Amino acid sequence: MGRRRSSNTDTTTTTSSMGGGGGMGGGGGGMGGGACYVYPGAPATPGLVNADVTFNLGIDMNIPLTMDDGTTINMWGFSGSGGGMGGMGGAGTFPSPAMRVTEGDIVHTNLSVNMMMMHTIHHHGIEPAHTSDGVGHITWDVANGTYTYQWRPAHAGTYFYHCHTNTVLHAEMGMYGALIVDPPEGAGTLFSGGPDYDVEAFWVVDEIDSSWHTLPWTAGTCGGDVGLNELNPDYFVITGVDGSGNSAMNAPPISATVQRGQKLLARYICAGYHPQKIRFGGLTGKIYASDGRPLPKPVSVTEIRAASAERYDIIFEPAQTGTYLIETDIIHWVSGDVLGTTRASITVV
Amino acid sequence: MKKSMDRRTFLKFSSAGIASALVTSTGLLSWNPRAEAATINQTFYITEGFITQPDGVDVYFRGFSPGRNNLTVPGAQMIVQEGDTVRVTIVNTLGTSHSFKIDGIIDSGRIRGGESKTIEFQVNRAGTYMYYDARNAPYNRLSGLHGGFAVMPNGSSNKVYAGSPTFVQQYFWLFHDIDPVWHNTIRNGNTPNTRYSPRYFTMNGLSARPPGAPGAMDPNTDSMADPRSALHGHVGDRTLVRVLNAGLCQQSVHTHGNHMEWLTDNGQVRDDVWSKDCIYLEGNMGKFDAIYPFESPPDAWPPVTTGIYPMHLHTEMSQTAGGGLYMFGALTDIHFE
């Protein structure tokens, strides 16, 4: 046999074996060794200046999510105070609190993590200095302190943010939230020179494999088969709500009610790992932007196929009254089988 | 026929021995256009052996290799020019039948065990292709018999296709996913009948090793240090990535630092160039071309022109090895120098 990794931390490495894991995380169960290949740190941010907007986020590893069948699944997430200047803490939510900023704002995301674990924030699609990119192996995993991510969004559009420590697990556990960048014109305009809109809907579609939800935050990092190569979801959510039944139907801001003649902007985020196909129930929408960038020419569609972490901004101008079913299939990345479907609605009055 | 082989008779390679042959044979793809078409000669030996995965497990592979006594997965990157004649000699050192195919260009047909065959073909359409063994599909390809093949437009050093946006350097990102159970079944001459469960994920044949891991920063082991995979550029060094998927998993290719200009999708020039941070890569030989523009990261404050960012698949299961070991999967780094 070739080199076989021992089951625990390689003492010659620069990694930390700060314990943590199961017990304190709230996930409990499945405790293995310590953490390997994490890079703890919370240094001063290079080039720190005063911010126009500040988000103070903490960590909550005990967020119960009750599904339609009565099952409660433990989620992880960021707790926060939104755009205010208040302290960290408070209960986390799933998804984590949305960030909404204006193009050109200097933004601080202050992430506070206690000494028992490590996390980061990567503002997905935002492209800051690498010291504010939240990727542990290139910089550091925030541990035992507060780190300030400093960024200044240059392009209005739809983004999201998520943890980038042991990402395969932490993002699946729910450590993400929407991130909206408005143009200087403000909400109501998608991007400068782009379309305006009257009503907004948020379709953040994700799958949950409940068998992952008892793992510790360190799961698999030191080796051993903890099943992270296999995501076999048994629940399907849209913007934090069980989407398999009627829970998201008529529930704003997931489902939307618009009047004929109004424009609806749907911000669709493929937040899961498996590919998705979203169908608009007979409505035709127009994609104006994707991944935070305007398309050179808008494209009219009745459905969209999306890969993990893609975002699409779709404008609907429905002419006929009625209720339209917005269904998103979650499709297995190898077999192509439909694993589950989320349901939301657009009601036109 | 070698239906069943004693494992000791196999060539066994650490990944180190494999990539070094590739790096020296090609490295970063620099391309000087020629005024005249040329004849390109290439010989591949179909060989087999074991490659040690990040968790220490040895997995059986076959490859289009540069010699009888080595194993290269994927096969050497090939880059030619429209109008060239390509003459490929396949020496099948195994007992099983194999082939060499490039969709839309050439199919060698069956090359029996122990036989050799030389095929000659002209390339007339610029683009990004995979050469692969089409027999016993998809199993022979999955076992490692595949490689990247690029055709440059006639007389061009900086375009993907006539009239395309331009670049100054180019790379292949050839992704693969590996189910060791299937590979062992293929080794034994049988057809896999278990549910496909990939446990290892590679780009250009290597998985990543995070800092501090054994093999980290070794360009023959660590895809983050592999000069065939890691992008290096200064601001303005627009970089073409030719993205191919030899595996079965659908992937989401995600870059940090810059969005990508998405030029082609499964061989078709797109109607418009979209700027994307994630691009859908089909399984089972999906492909696309994109330019990583190496622009100053747009959302940095204060502005920066240097830094290191990852490219990783956002289908995060592909970032693991053996069911754990996050960051030992298919990812690399992008260096703004």
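**Observations concerning the overall build of chain A**
No. 1: Along its length, chain A carries 2 helices and 21 strands.
No. 2: When each of the 349 residues of chain A is scored for burial, the buried share is 55%.
No. 3: Within chain A, counting contacts between residues at least 6 apart in sequence, those at least 24 apart form 72% of the total.

**Some thoughts on the overall build of chain B**
No. 1: Counting secondary structure elements, chain B contains 3 helices and 21 strands.
No. 2: The C-alpha radius of gyration of chain B comes to 19 Å, within 12% of the 20 Å expected for a compact globule of 337 residues.
No. 3: Taken along the three principal axes of its C-alpha coordinates, chain B extends 65 × 50 × 35 Å.
No. 4: Taken across its 337 residues, chain B has 55% of its residues classed as buried.
No. 5: At a minimum sequence separation of 6, the contacts of chain B that also span at least 24 residues come to 69%.

**Details of the pairing of strand S3 (residues 58–65) of chain B**
All names here are of chain B.
No. 1: Burial analysis of S3 places 7 of its 8 residues in the buried class, the great majority of the element.
No. 2: Bridge count for strand S2 (residues 39–52) against S3 is 8 bridges, and the pairing is antiparallel. Residue pairing across strands places Tyr45 opposite Ser65, the latter belonging to S3.
No. 3: Connecting S2 to the next strand, S3, in antiparallel fashion are 5 residues, including Gly56 with a positive phi near 95°.

**Some remarks on the interface of chain A and chain B**
No. 1: Between chain A and chain B, the residue contacts involve 59 residues of the former and 55 residues of the latter.
No. 2: Per-element tally for the side of chain A that touches chain B: the top contributor is strand S17 (residues 293–301) of chain A, with 4 residues.
No. 3: Here the side of chain A that touches chain B is composed, by residue class, of 25 nonpolar, 20 polar and 14 charged.

**A short note on the sheet that holds strand S14 (residues 239–245) of chain B**
What links the strands of a sheet is backbone hydrogen bonding, and the strands pair in either a parallel or an antiparallel sense.
Residue and element names in this part refer to chain B.
No. 1: Strand order in this open sheet of 6 strands is S12-S11-S14-S19-S16-S17, and the pairing throughout is mixed. Each edge of the open sheet carries a strand with a single partner, namely strand S12 (200–203) and strand S17 (268–276). Strand-to-strand twist across the sheet, computed as the mean angle between neighbouring axes with direction ignored, equals 20°.
No. 2: Strand direction decides the pairing type here: strand S11 (residues 169–178) and S14, joined by 7 bridges, are parallel. Within the sheet, the bridge partner assigned to Phe172 lies in S14 and is Arg242.

**Points about the pairing of S2(B)**
No. 1: In terms of strand pairing, S2(B) meets strand S5 (residues 85–92) of chain B through 8 bridges, oriented parallel. Bridging across to S5(B), B:Tyr45 finds its partner in B:Val91.

**Thoughts on the domain arrangement of chain B**
All names here are of chain B.
No. 1: Annotation of chain B at the domain level lists domain 1 (7–160) and domain 2 (170–336).
No. 2: Taken over C-alpha atoms, the centre of domain 1 sits 19 Å from the centre of domain 2.
No. 3: Listed per partner, the contact involves 32 residues of domain 1 and 41 residues of domain 2.
No. 4: Where the side of domain 1 that touches domain 2 is concerned, the elements lending two or more residues are helix H1 (15–25), S3, strand S9 (127–132), helix H2 (139–142) and strand S10 (146–152).
No. 5: With 7 residues, H1 is the largest single contributor of residues to the side of domain 1 that touches domain 2.
No. 6: The residue makeup of the side of domain 1 that touches domain 2, split by class, is 20 nonpolar, 10 polar and 2 charged.

**A word on the nonpolar core**
Note that soluble globular proteins tend to have their nonpolar side chains buried in a common cluster.
No. 1: Counting 179 residues, the largest nonpolar core has A:Trp203, A:Ile238, B:Ile279 and B:Ala290 as the members making the most contacts within it.
No. 2: Excluding residues that lie within four positions of it along the chain, B:Ala290 makes contacts with B:Val241, B:Val243, B:Met260, B:Glu261, B:Trp262, B:Leu263 and B:Ile279.

**Let's talk about unusual backbone geometry**
No. 1: Cis geometry marks the peptide bond from A:Pro252 to A:Pro253, where omega comes out at 5°.
No. 2: With respect to the helices and strands, the residue A:Pro253 is situated in the loop between strand S12 (241–242) and strand S13 (256–258).
No. 3: A cis amide bond links B:Ala137 to the next residue, B:Pro138, at an omega of 0°.
No. 4: Topologically, B:Pro138 is positioned in the loop between S9 and H2.
No. 5: Backbone geometry places A:Asn250, a non-glycine residue, at a positive phi of 60°.
No. 6: Relative to the helices and strands, A:Asn250 is located in the loop between S12 and S13.
No. 7: We note that B:Leu325 has phi near 55°; this positive angle belongs to a residue other than glycine.
No. 8: Position of B:Leu325 relative to the elements: it lies in the loop between strand S20 (307–313) and strand S21 (331–336).

**Details of the domain arrangement of chain A**
Residue and element names in this part refer to chain A.
No. 1: Parsing chain A into structural domains produces domain 1 (22–191) and domain 2 (203–348).
No. 2: When each unit is reduced to the centre of its C-alpha atoms, the spacing between domain 1 and domain 2 is 21 Å.
No. 3: With 39 residues of domain 1 at the interface, the matching set in domain 2 holds 38 residues.
No. 4: Of the residues forming the side of domain 1 that touches domain 2, the biggest block, 4 residues, is contributed by strand S8 (residues 157–162).
No. 5: Each residue belonging to the side of domain 1 that touches domain 2 can be placed in one class, and the counts come to 20 nonpolar, 17 polar and 2 charged.

**Some remarks on the confidence of the model for chain B**
It should be kept in mind that the predicted coordinates are not to be read in detail where pLDDT is low.
All names here are of chain B.
No. 1: On average, chain B scores 92 in pLDDT, and the residues at 70 or more come to 91%.
No. 2: This model gives residues 1–28 a pLDDT under 50, and the stretch forms 61 contacts once residues within four places in sequence are excluded.
No. 3: Reported confidence for the predicted complex is 0.92 by ipTM and 0.92 by pTM.

**A few points about the environment of A:Glu310**
No. 1: As for its position among the elements, A:Glu310 is in the loop between strand S18 (303–306) and strand S19 (311–316).
No. 2: On the basis of neighbour count, A:Glu310 is assigned to the buried category, with 25 C-beta atoms found within 10 Å.
No. 3: On a C-alpha basis, the gap between A:Glu310 and A:Tyr159 in space is 8.8 Å, while along the polypeptide they are 151 residues apart.
No. 4: Leave out the neighbours within four places in its chain, and A:Glu310 touches A:Cys270, A:Ser290, A:Asp291, B:Ser252 and B:Cys278.

**Structural notes on the sheet that holds strand S1 (residues 40–41) of chain A**
Residue and element names in this part refer to chain A.
No. 1: Reading across the sheet, the 5 strands line up as S1-S7-S5-S2-S3 and stay open at both edges, with mixed pairing between neighbours. Edge positions in the sheet fall to S1 and strand S3 (72–80), since each has one partner strand and no second.
No. 2: As paired elements, strand S2 (residues 53–66) and strand S5 (residues 107–119) share 5 bridges and run parallel to each other. Bridge assignment links Asn56 to a residue of S5, and that residue is Asn110.

**Overview of helix H3 (residues 180–187) of chain B**
Along an α-helix, residues three or four positions apart point the same way, because every turn accommodates 3.6 residues.
No. 1: Buried within H3(B) we find B:Trp182, B:His183 and B:Ile186. What you see down the axis of H3(B) is that its buried residues fit within an arc of 100°, all on one side.

Procedures and definitions
Residues numbered from 1 in each chain as written. Chains lettered and ligands numbered in written order. Predicted model: local features only at pLDDT ≥ 70, side-chain atom pairs only at ≥ 80, totals over all residues. Helix = DSSP H or I, 4+ residues; strand = E, 2+ residues; numbered from the N terminus. Buried ≥ 20, exposed ≤ 12 C-beta atoms within 10 Å, placed from the backbone. Contact = placed C-beta atoms within 7 Å. Rg over C-alpha atoms; globule rule 2.2 N^0.38 Å. Pairing = 2+ DSSP bridges. Nonpolar A, V, L, I, M, F, W, Y, C, P; charged D, E, K, R; others polar. Axes fitted to C-alpha atoms, helices over the stretch in contact; angles between N-to-C directions. Domains from an automatic or database assignment. Core = buried A, V, L, I, M, F, W, Y, C linked by C-beta atoms within 7 Å. pLDDT = per-residue confidence, 0-100. Arc of directions from axis to C-beta.

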